[in-house]
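Letter by letter, the chains look like this.
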Amino acid sequence: MGTAIVLAYLGLGLMIGLSGIGSAVGVSIAGSASIGALKKNENAFGSFMLLSALSGTQGLYGFGGFFIINTSGILTENITMLQGSAILGCGIALGLVCLVSAIRQGQICANGISGIGSGYNLFGKTMVLAVFPELYAIVGFAATFLIISGL
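This one's a predicted model, so the numbers in the text were calculated from it and none came from an experiment.

### Points about the side chain of Gln 83
Considering the arrangement of structural elements, one finds Gln 83 in helix α4 (residues 81-117). With near-sequence residues (within four places) excluded, Gln 83 lies in contact with Ile 74, Asn 78 and Leu 151.

### Some words on the environment of Leu 18
Structurally, Leu 18 can be placed in helix α1 (residues 3-38). For the pair Leu 18 and Gly 117, spaced 99 residues apart in the sequence, the C-alpha separation amounts to 31 Å. Each residue touching Leu 18, except ones within four places of it in the same chain, is listed here: Gly 13, Gly 95, Leu 96 and Leu 99.

### Details of the nonpolar core
Membership of the largest hydrophobic core comes to 17 residues, with the highest contact counts inside it found for Ile 69, Leu 75, Ile 79, Ile 87 and Ile 148. Of all the elements in the fold, those that place two or more residues in this core are α1, α3 (57-70), α4 and α5 (123-149). Ranked by residue count, the leading element in this core is α1, at five residues. Contacts of Ile 69, omitting those with residues within four sequence positions, involve Leu 12, Met 15, Leu 75, Ile 87, Thr 144 and Ile 148. Within the second largest apolar cluster, ten residues are counted, among which are Ala 44, Leu 51, Cys 109 and Ala 130.

### Here we look at α3
Taking 1.5 Å per residue as the helical rise, α3 with its 14 residues ought to reach 20 Å, and the 20 Å between its terminal C-alpha atoms agrees with that figure. Within α3 the residues assigned to the buried category are Gln 58, Tyr 61, Gly 62, Gly 64, Gly 65, Ile 68 and Ile 69. Projection of α3 onto a plane perpendicular to its axis shows the buried side chains occupying an angular sector of 160°, all on one side. Its buried side turned inward, α3 meets α1, α4 and α5.

### Some details on the side chain of Ser 19
Its place among the elements puts Ser 19 in helix α1. Judged by relative accessible area, which is 0%, Ser 19 ranks as buried. With near-sequence residues (within four places) excluded, Ser 19 lies in contact with Leu 14, Gln 58, Gly 59, Gly 62, Gly 95, Cys 98 and Leu 99.

The rules behind each value
- Here the residue numbering is sequential within each chain, running from 1 through the sequence in written order.
- The predicted origin of the model limits local features to residues at a pLDDT of at least 70 and limits the giving and counting of side-chain atom pairs to 80 or more, whereas totals for whole chains, interfaces and linings rest on all residues.
- As a convention, hydrogens and water are excluded, and side-chain values are obtained from all of the structure's heavy atoms.
- Helix and strand assignments follow DSSP, with helices taken as H or I runs no shorter than four residues and strands as E runs no shorter than two, numbered in order from the N terminus.
- By the convention used here, residues are in contact when the closest approach between their heavy atoms is within 4.5 Å.
- The definition of a nonpolar core used throughout is a set of buried Ala, Val, Leu, Ile, Met, Phe, Trp, Tyr and Cys residues joined through side-chain atoms within 4.5 Å.
- Relative accessibility under 20% of the residue-type maximum defines a buried residue, over 50% an exposed one, and the middle range a partly exposed one, all with a 1.4 Å probe and only protein chains included.
- In a helix, the anticipated span is given by 1.5 Å times the number of residues less one.
- Arc definition: it is the arc formed by the directions from the helix axis to the C-beta atoms.

Listed below in structure tokens is the structure:
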């Protein structure tokens, strides 16, 4: 097996692994806040659930990047070093962006959940503010798509 294909699969592993870790941490942060907030406001479970799940999307972007690359036809024994390096770069970039984005989004959602639990009407405002870190995960996913399309 050549070095280029090893680099490509390393990139795919980082893409899936880092984005999945970020989502797991993000949803755990928000989910933990939900448990605490439910003690104060049981009626807001639907809002808590939606805000807790929001950070899970970054893991989906990592999987989407994997899917795009896996179906592109590049992952063959004839892969070039440039292609393998590009996939490694995509994996590192998308994986790290999703990792940080999901964790920070989980923290924003946790703060909103805490406020809702205390009786404040913050669901819509929390959703708006939580979209900002998500935007960078979307940009990372789009960049991955554009890089792979250019190979």
